[in-house]
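Read off the chains here:
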Amino acid sequence: MNQAHPASRRRLSTLATAAVLAAGTLGTGTTAASAPSADEPISALNRRAQPLNDMNGLGRMVGDAHVVGLGEASHSAHEFFMLKQRLFRHLVATKGFTTFALEVSWSTGLRLDAYVTLGIGDPAQIAREEFQGQYVFWNTQEYLDLIQWMRRYNIAHPDRPQLRFVGNDLGYAGRDAFDHVTDYLAVHHPDLARRIEDLYTGLKPAAGTQAGPWMADQLSKGLPARRAEADRADAALALLRDHGRPRTANRDTERAHARALQNAVAITQSFTGYAFPDEQFPERMRYRDRAMAANTAWWLRHEGGRILLASNNGHVAYTSDNPEFPEPTGAFLRDRLGPDYVSIGLTFNQGTVNALPDFTAQLPQEYTVPPAPKGYNEHLLDKLRHRDFSIDLRTAPAAARTWLAKARPTRSYGLYWSTDDPATTLGRSYDILIHLHQVEAAHLLR
């Protein structure tokens, strides 16, 4: 559901790149400033670049933000995943961050959060069952290590705020989300329980359902069936919202209702996402990104703490470089949170990554990415004095800002392998940029 046919992605990205480069304009339609000499932006960027061997510099750039979106130029590179773990651990220790949010289904997040907070389940088994289909790239040793570290931290620090795990996406409406709704109703509104359970009949996955086959089955259904399912999910949400408030109102019951309502929202998001006609793929993706932002903001408002959001560059950014993904999660979060949201983009020069060869494939393959050619953003970034570095784009010198304000080809690998790269304006897309010289494919688990 959440990725275009690769041929379409390549075609649109190529057209967008060609249009920008041929016109010499930015995405806003304004004329790009003339490019400075190669030496000028390198010198200016070097004055602000901070090496990544110490997280303190990056921490200072993050400042007092409550949500940090940390992107990746590939869905499956070891160094990207390890950087997310390093930064999260640093933010936990120095800035009171408590939640790791991942671009994965809300119901998957519920299962992993139960393990992280209560020790329920086997994280490796949960990963095998949930990280499938479009989420297959998360079934890695790197993410398993992070989840297990979060559990160990909670056990070792019972006197500190507990670490939490949340999924902010809508690809799979798993059983746990349904159970949270019906469990609330059984206690606080048994009169509504039967009506909502009837609406959820056929929507709630059967026991033992795997996420990958469920998502593939949703895509195989005709549009009328998908729309009918979305209508039933929305009807259940309306009943809970309009008539499901607890009869005895206190802090605990209000929190229970808010959580049940959010789970009903997540269920509706999933089925609504599949209810878009195939020819309305950009509208479907705008809905998805808006939902991911809303789920992240809900967690911040109701569960507290601070959040590191791990997602693709195209989601955490403020502007889109692909017409099929017209409005990123980062844009919605900035509208909701203002300066409480900070976006970090990741680039790299060369190495290996995992990607699916085409939309029919189930298992990723490893691909080699050669050094970035001249004219790419990464080509110049890799000339800076630090091998791996971060830079605050908001405070970059004028010469650097001029260079950052121009759209150039930039590596971007989602689900599918493609050698066509979108034209990205780094200065408009992110608050902070991290560049790595070399990466290797993440370690997938089978």
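Structure shown above.
For clarity, every value in this text was computed on a predicted model and none was experimentally measured. Going along each chain's sequence as written, the residues are numbered from 1 onward. Local features in a predicted model are, by the rule used here, given only for residues with pLDDT of at least 70; side-chain atom pairs are given and counted only at 80 or more, and totals for whole chains, interfaces and linings are based on all residues. Values reported for side chains reflect all heavy atoms of the structure, with hydrogen atoms and water molecules removed beforehand.

Another point: the packing of helix H13 (residues 281-303) against helix H15 (residues 329-337). Between H13 and H15, the least distance of the axes is 8 Å, while the angle of their chain directions is 40 degrees. In terms of orientation, H13 and H15 fall into the oblique class. For the element pair H13 and H15, the recorded crossing hand is right-handed. Residues Arg286, Asp289, Arg290, Met292, Ala293, Ala294, Thr296, Ala297 and Leu300 of H13 touch H15, and the partners they reach there are Thr329, Phe332, Leu333, Arg336 and Leu337. To get an axis, a line is fitted to the C-alpha atoms, and for a helix only the part in contact is used. The angle between two axes follows their N-to-C directions and goes from 0 to 180 degrees. In this description a helix means any DSSP run of H or I spanning at least four residues, a strand means any run of E spanning at least two, and both kinds are numbered starting from the N terminus. Any angle from 65 to 115 degrees is called roughly perpendicular, while one under 35 is roughly parallel, one over 145 is roughly antiparallel, and all others are oblique. Should the near helix be turned counterclockwise from the far one by less than a right angle, the crossing is left-handed, whereas a clockwise turn marks it as right-handed. We call two residues contacting when some pair of their heavy atoms lies within 4.5 Å.

Another point: the pattern of salt bridges. Salt bridges are counted wherever a side-chain nitrogen of Lys or Arg sits within 4 Å of a carboxyl oxygen of Asp or Glu. All chains considered together, the criterion is met by 18 salt bridges. A salt bridge links Arg288 to Asp169, with the nearest nitrogen and oxygen atoms 2.6 Å apart. One end of the pair, Arg288, is in helix H13; the other, Asp169, is in strand S4 (residues 164-169), and 119 residues separate them in sequence. The residues Arg288 and Asp169 share a single accessibility class, namely buried. For Asp242, the salt bridge is made with Arg241, and the minimal N-O distance between the two is 3.5 Å. Using a relative accessible area of 44% as the deciding quantity, one classes Arg241 as partly exposed. Salt bridges sharing partners connect three or more residues here, namely Asp113, Arg164, Arg255, Arg259 and Glu303. The buried label applies to any residue whose accessible area, calculated with a 1.4 Å probe on protein chains only, is under 20% of its type's maximum; exposed applies above 50%, and partly exposed to all values in between.

It is worth spelling out the side chain of His437 at this point. The topology assignment puts His437 in strand S11 (residues 432-439). Separated by 2.9 Å, the side chains of His437 and Asp382 make a polar contact. Excluding residues that lie within four positions of it along the chain, His437 makes contacts with Asn349, Gln350, Asp382, Arg387 and Asp388. In the analysis that follows, any N or O atom pair within 3.5 Å is treated as a polar contact, provided that within protein one partner can donate a hydrogen and the other can accept it, and provided that, for residues neighboring in sequence, both atoms belong to side chains.

Take helix H12 (residues 251-274) next. For H12, built from 24 residues, the straight-helix expectation of 34 Å at 1.5 Å per residue is met to within 8% by its first-to-last C-alpha distance of 35 Å. N-cap assignment for H12: the residue whose side-chain oxygen lies 3.0 Å from the backbone N of Asp252 is Asn250. By definition here, a helix of n residues has an expected span of 1.5 Å times n minus one.

With respect to the element layout, His435 can be found in strand S11. Residue class for His435 comes out buried when judged on its relative accessible area of 0%. A polar contact of 2.8 Å, which involves the side chain of His435, links it to the side chain of Thr347. In contact with His435, other than residues within four places in its own chain, are Thr347, Phe348, Asn349, Glu378, Leu381, Asp382, Arg387, Asp388 and Phe389.

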